[in-house]
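Coordinates in review
Now for the letters of each chain:
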Amino acid sequence: MDNNFIKCGLAGWSAELCYSSLIARTRDHDKRLMGQTSLYMFPIYGMAAAIGPIRQKLCARSEFLQKSAVCRGGIYTGLIFLTEYCTGWLLRKAGRCPWDYSQAKLNINGLIRLDFAPFWFALGLFFEHYTTA
């Protein structure tokens, strides 16, 4: 799992940099494609290494879950939201949370954005494949 932790940390960082670069390009018309992230995000994304073992346990217990990527993706989305909320809450308590979604319409306590669900769904299934390949 250590290797998967590093792989997931790097993949998450890369995805966040691409996303924030494209947002800066579209919203701010910044043609430099400057993205941003935080060092705190590496271990948070690295925790996605647990998705591979979670998949194995889910699929061992249920043939339905073994066949249903939609259900597994929904479970991963929920786990990602839970992780994002908990880590954000802890980092905020320490004055170090690198994100604040308070201005977004569908935020919960400024720590998660429900409109990110499709991204987390896709990223969860990506990490599933990435950690079991």
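Report follows, based on the coordinates.

What counts and what doesn't
- Within any chain, residue numbers begin from 1 and follow the written order of that chain's sequence.
- Note on the predicted model: pLDDT of at least 70 is required for a residue's local features to be given, and 80 or more for side-chain atom pairs to be given and counted; whole-chain, interface and lining totals, by contrast, use all residues.
- Values shown for side chains rest on all heavy atoms present in the structure; no hydrogens or waters enter the calculation.
- Two rings from Phe, Tyr or Trp (for Trp, the six-membered ring) form a pair when their centres are within 6.5 Å of each other. A pair whose planes differ by under 30 degrees is stacked, one over 60 is edge-to-face, and the rest are tilted.
- We count a stretch as a helix when DSSP gives it H or I for four or more residues in a row; a strand needs E for two or more, and each element gets its number in order from the N terminus.
- Working definition: with a 1.4 Å probe on protein chains only, accessible area under 20% of the residue-type maximum means buried, over 50% means exposed, and in between means partly exposed.
- Geometrically, a charge over a ring is one whose NZ (Lys) or CZ (Arg) sits within 6 Å of the ring centre while staying within 35 degrees of the ring normal.
- Salt bridge criterion: a side-chain nitrogen from Lys or Arg within 4 Å of a carboxyl oxygen from Asp or Glu.
- Given a helix with a known number of residues, its expected span is that number minus one, times 1.5 Å.
- A fitted line through C-alpha atoms serves as each axis, taken over the contacting stretch for helices, and the angle formed by two N-to-C directions is quoted from 0 to 180°.
- Orientation categories follow fixed angle ranges, with anything under 35 degrees roughly parallel, anything over 145 roughly antiparallel, 65 to 115 roughly perpendicular, and all other angles oblique.
- Should any heavy atoms of two residues lie within 4.5 Å, those residues are considered in contact.
- Classification used: nonpolar for Ala, Val, Leu, Ile, Met, Phe, Trp, Tyr, Cys and Pro, charged for Asp, Glu, Lys and Arg, polar for all others including Gly.

1. Examining the packing of aromatic side chains
All told, the structure shown has nine aromatic pairs when counted by the stated rule. Note on Phe5 and Phe42: the rings are 6.0 Å apart at their centroids and 80° apart in plane angle, and the pair reads as edge-to-face. In this pair, Phe5 is assigned in helix H1 (residues 2-28) and Phe42 in helix H2 (residues 41-46), connecting sequence segments 37 residues apart. Residue class for Phe5 comes out partly exposed when judged on its relative accessible area of 30%. Look at Phe42 and you get buried, because its relative accessible area is 17%. When the ring of Tyr19 is compared with that of Phe119, the centres are 5.7 Å apart and the planes differ by 65°; the resulting orientation is edge-to-face. With Tyr19 in helix H1 and Phe119 in helix H6 (residues 117-132), this residue pair connects regions lying 100 residues apart in the sequence. Note on Tyr19: relative accessible area 35%, which makes it partly exposed. Counting every residue linked through ring pairs, the aromatic cluster contains Tyr19, Tyr101, Phe116, Phe119 and Trp120. The ring of Tyr130 carries the charged tip of Lys7 above its face, separated from the ring centre by 4.8 Å. Across the ring face of Tyr101, the terminal group of Arg113 is positioned such that the distance to the ring centre comes to 5.9 Å.

2. Description of the pattern of salt bridges
Applying the stated criterion across every chain yields a total of six salt bridges. Residues Arg55 and Glu128 are paired through a salt bridge, measuring 3.4 Å at the closest nitrogen-oxygen approach. Pair noted here: Arg55 is in helix H3 (residues 51-61) and Glu128 is in helix H6, with a separation of 73 residues, a long-range link. Among the residues examined, Arg55 registers a relative accessible area of 24% and is labelled partly exposed. For Glu128, a relative accessible area of 7% translates into the label buried. Note that Asp115 is salt-bridged to Arg113, the shortest N-O span being 2.5 Å.

3. Here we look at H1
Across its 27 residues, H1 extends 38 Å between first and last C-alpha, which sits within 8% of the 39 Å expected from 1.5 Å per residue. The set of residues buried in H1 consists of Asn4, Cys8, Gly9, Ala11, Gly12, Ser20, Ser21 and Ala24. Of the residues trailing H1, His29 is marked for its positive phi of about 55°.

4. So, the packing of H3 against H6
At their nearest, the axes of H3 and H6 sit 8 Å apart, and the two run at 90° to each other. With respect to each other, H3 and H6 are oriented roughly perpendicular. For the pair H3 and H6, contact is made by Ile51, Gly52 and Arg55 and by Gly124, Phe127, Glu128, Thr131 and Thr132, respectively. Residues belonging to the contact of H3 with H6 are distributed by class as follows: two nonpolar, four polar and two charged.

Note that all results are geometric; they support no functional claim without further evidence.
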